[in-house]
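Topology and contacts: notes
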Amino acid sequence: MKNIINSSLLFTLCSLFMGATHAATTPWWLQPTVCRLDPTDCYSAMGAGFDSEMWDATSNCWGMKYICPDALTTSHTAPQLIGRAEIARGTNISQDFDTDLLAADGDCFGRRKTATGGTTASVNGKYVNVWCPGILDNPDETLTYGEITYGTQPTCTKLAENGYVGIENGRCWGKYFDSAKYFIECGTTLEPTRLIVLNGADYTAPMNGAPVDEDAAERIFEKMYSTSQTQRAKYYKN
């Protein structure tokens, strides 16, 4: 009987307080009443990039993440508060960004996905090379270890025009070779088919017996390469 009376009394108090809450302008979950719910936080810890005072209605909990505008597929130019359920579904969030990581400035979540130690980055759902600073003419974005372009990726021929070879160079792609000392021969892949050492010859000086056309030059290079391979096999045993 005592339990029944206590339950009835609590129900009456809750009804009275809830009536006052609905009449107030303050949201019901902020009303200081005995009927106020005590939901758990959405996240175990909230610091930079969170708003711990916001109520996440979709997940019925406290705390929301600020998602960076670059990580959104919408046209927003400022970080947006996104509920946990929407984040889990990927609503309006680019597949190229990780919303579990803070951006470089640390004010919002959403950092471009990278792989292979940071030497590749996700662009439009595919991983592209992160190029060492200074290689790209007009980079679209600067990351921790280098730069990326969203459009057409560099080719061996394009890189060779500026003396670069498309190979890994530490935490980024692209290594420079002085064109006065090296000849970069490109094929159909990003990596050159051959890198020929010119032995310090001054290619601008007039030479007797110089090749008269490209075919003649190619034959000379083939002979140089063959001789080099023969000498290497003779003196450097595996």
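Parameters at a glance
Note on numbering: residues in each chain are counted from 1, in written sequence order. In keeping with the predicted nature of the model, local features appear solely for residues at pLDDT of at least 70, side-chain atom pairs appear and are counted solely at 80 or more, and the whole-chain, interface and lining totals rest on all residues. The side-chain figures draw on all heavy atoms in the structure; neither hydrogens nor water molecules are used. As a per-residue measure, pLDDT reflects the predictor's confidence and takes values from 0 up to 100. In what follows, a contact means two residues having at least one pair of non-hydrogen atoms within 4.5 Å. For two strands to be treated as a pair, DSSP must find at least two bridges joining them. Per the convention used, a helix needs a DSSP run of H or I reaching at least four residues, while a strand needs a run of E reaching at least two, with both numbered from the N terminus. A pair of sulfur atoms, both from cysteines and within 2.5 Å, is called a disulfide here. A simple rule labels every residue: compare its accessible area, found with a 1.4 Å probe on the protein chains alone, to the largest value its type can have, and call it buried under 20%, exposed over 50%, or partly exposed in between.

1. Thoughts on the confidence of the model for the protein
On average, residues of the protein score 82 in pLDDT, and 77% of them reach the 70 mark or higher. Segment residues 1-23 is flagged for pLDDT under 50; beyond a separation of four residues in sequence, or across chains, it makes ten contacts in the model.

2. Here we look at the sheet that holds strand β6 (residues 114-115)
The strand order β6-β7-β8 describes an open sheet built from three strands, whose pairing is antiparallel. The sheet is open, and its two edges are formed by β6 and β8 (126-129), each paired on a single side.

3. Some words on the state of the cysteines
This structure, assessed with the given rule, holds four disulfides. Disulfide pairing places Cys-68 opposite Cys-108 at an S-S distance of 1.9 Å. Here Cys-68 and Cys-108 share a disulfide; its torsion about the S-S bond, 105 degrees, makes the bridge right-handed. Here Cys-108 lies in the loop between β4 (97-102) and β5 (109-112) and Cys-68 lies in the loop between β2 (61-67) and β3 (80-82), a separation of 40 residues in the sequence. Two residues, Cys-156 and Cys-186, share a disulfide whose sulfurs are 2.1 Å apart. Disulfide Cys-156-Cys-186: torsion about the S-S bond near -80 degrees, hence left-handed. With Cys-156 in helix α3 (residues 156-160) and Cys-186 in the loop between β13 (182-185) and β14 (194-197), this pair connects stretches of sequence that are 30 residues apart. Residue classification places Cys-156 among the buried positions, given a relative accessible area of 5%. In the protein, the bonded cysteines, taken in the order they occur along the sequence, pair up as 1-2, 3-4, 5-7, 6-8.

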